[in-house]
Amino acid sequence: MRKNFGAKPMIYPMPVLIIGTFDENGIPDAMNAAWGGISEEKEISICISEGHKTTKNILFQKCFTVSIPTVEQTVAADYVGIASGNDTPDKIEKAGWTYVKSEIINAPVFNELPFTLECKLTSYDSDSCRLVGEILNVSADENILTDGKVDLQKFRPITFDPANHDYVALGEKAGKAFSDGKKLK
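Criteria and thresholds
Residues numbered from 1 in each chain as written. Predicted model: local features only at pLDDT ≥ 70, side-chain atom pairs only at ≥ 80, totals over all residues. Heavy atoms only, no water. Pairing = 2+ DSSP bridges. Helix = DSSP H or I, 4+ residues; strand = E, 2+ residues; numbered from the N terminus. Axes fitted to C-alpha atoms, helices over the stretch in contact; angles between N-to-C directions. Contact = heavy atoms within 4.5 Å. Buried < 20%, exposed > 50% of the residue type's maximum accessible area, 1.4 Å probe, protein only. Phe/Tyr/Trp six-rings, centres within 6.5 Å; stacked < 30°, edge-to-face > 60°. Core = buried A, V, L, I, M, F, W, Y, C linked by side-chain atoms within 4.5 Å. Salt bridge = Lys/Arg side-chain N within 4 Å of Asp/Glu carboxyl O.

**Looking at the sheet that holds strand S5 (residues 43-47)**
Taken in spatial order, the seven strands line up as S3-S2-S6-S9-S10-S5-S4 in an open sheet, and their pairing is antiparallel. The open sheet terminates on both sides in strands that have one partner only, identified here as strand S3 (28-33) and strand S4 (36-40). Strand-to-strand twist in this sheet, taken as the mean axis angle between neighbours without regard to direction, amounts to 35°. Its contacts with the sheet place helix H1 (residues 53-61) against strand S2 (17-22), S3, strand S6 (63-67), strand S9 (115-125) and strand S10 (130-140), and it is angled at close to 55° to S2. Across the sheet, helix H2 (residues 74-82) touches S2 and S3, and the angle it forms with S3 is around 100°.

**Focus on H1**
Buried residues of H1: Lys-53, Thr-54, Thr-55, Asn-57, Ile-58 and Gln-61, and no others. Of the surrounding elements, those touching the buried residues of H1 are S2, S3, S6, S9 and S10. Note on H1: the residue one or two positions beyond its end, Lys-62, has a positive phi of about 65°.

**Some thoughts on unusual backbone geometry**
Here the amide bond leading from Tyr-12 into Pro-13 is cis, since omega sits at -10°, within 30 degrees of zero. Looking at where Pro-13 falls in the secondary structure, it is placed in the segment before strand S1 (14-15). Even without a glycine there, the phi angle at Arg-156 is positive, about 55°. Examined against the element boundaries, Arg-156 turns out to sit in the loop between helix H4 (152-155) and strand S13 (158-161).

**Quick look at the packing of aromatic side chains**
For the coordinates displayed, the defined rule picks out four aromatic pairs. Where Phe-22 meets Tyr-99, the ring centres are 5.7 Å apart and the plane angle is 65°; that geometry is what we call edge-to-face. On the criterion of sequence distance, the pair formed by Phe-22 in strand S2 and Tyr-99 in strand S7 (residues 99-101) is long-range, its members being 77 residues apart. Classification of Phe-22 as buried rests on a relative accessible area of 5%. Overall, the relative accessible area of 35% leaves Tyr-99 in the partly exposed class. Plain terms: the ring middles of Phe-160 and Tyr-167 are 6.2 Å apart, the flat faces sit at 55° to each other, and that makes the pair tilted. Overall, the relative accessible area of 27% leaves Tyr-167 in the partly exposed class.

**So, the nonpolar core**
Ile-19, Ile-44, Ile-46, Phe-64, Val-66 and Leu-131 are the most contacted members of the largest nonpolar core, which has 21 residues in total. Those elements that place two or more of their residues in this core are S2, S3, S5, S6, S9 and S10. Here this core takes five residues from S9, the largest share from any one element. Leaving out residues up to four positions away in the same chain, Ile-46 has contacts with Leu-17, Ile-19, Ala-33, Trp-35, Gly-36, Phe-64, Val-66, Cys-129, Arg-130 and Leu-131. The next biggest cluster of nonpolar side chains, apart from the first, holds 15 residues, and it includes Val-16, Ala-95, Trp-97 and Ile-158.

**Quick word on the pattern of salt bridges**
Overall, the coordinates contain six salt bridges when judged by the stated rule. Notably, a salt bridge pairs Lys-91 with Asp-29, separated by 3.8 Å at the nearest N-O pair. With Lys-91 in helix H3 (residues 91-95) and Asp-29 in strand S3, the pair connects residues that are 62 residues apart, well separated along the chain. Pair check on accessibility: Lys-91 and Asp-29 agree, each one buried.

Given below as structure tokens:
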């Protein structure tokens, strides 16, 4: 037996994306967004409405970062999602985050978030709220790597559970992609 929920913005896992920008004065901002993902080989798409300070910053700077928070950064990640940069200009400081300017684009890379995409604005449609960015670089802190690859057990990224409004940790290996299915061939 299945239960129908109707048309809802639900998918599992739903990423927690922290979008980082600088405003026109070089002040960093970040917001938490869940509705997004990879849409082409080197492209990310995110649903973000026009009224956000982050959206204004992206349209001004033509670039942004997207970071994935860890279990340890759950409280700060939630905070940057509920505090608006329009009326809380020091929310990065309040979140306890520090940053460096990306070497590739004019956007912040948050030191406490170990995985970051550095993106150039491709397009923004205010009617659909669809932001599209070209991924110019992906960087990961060495603390989350094993043999030069991202190790989810070290990384411990969180996802958003839209039905229960929870953050859930990822990390348990369930199988080997492009391999396990060969048993059924």
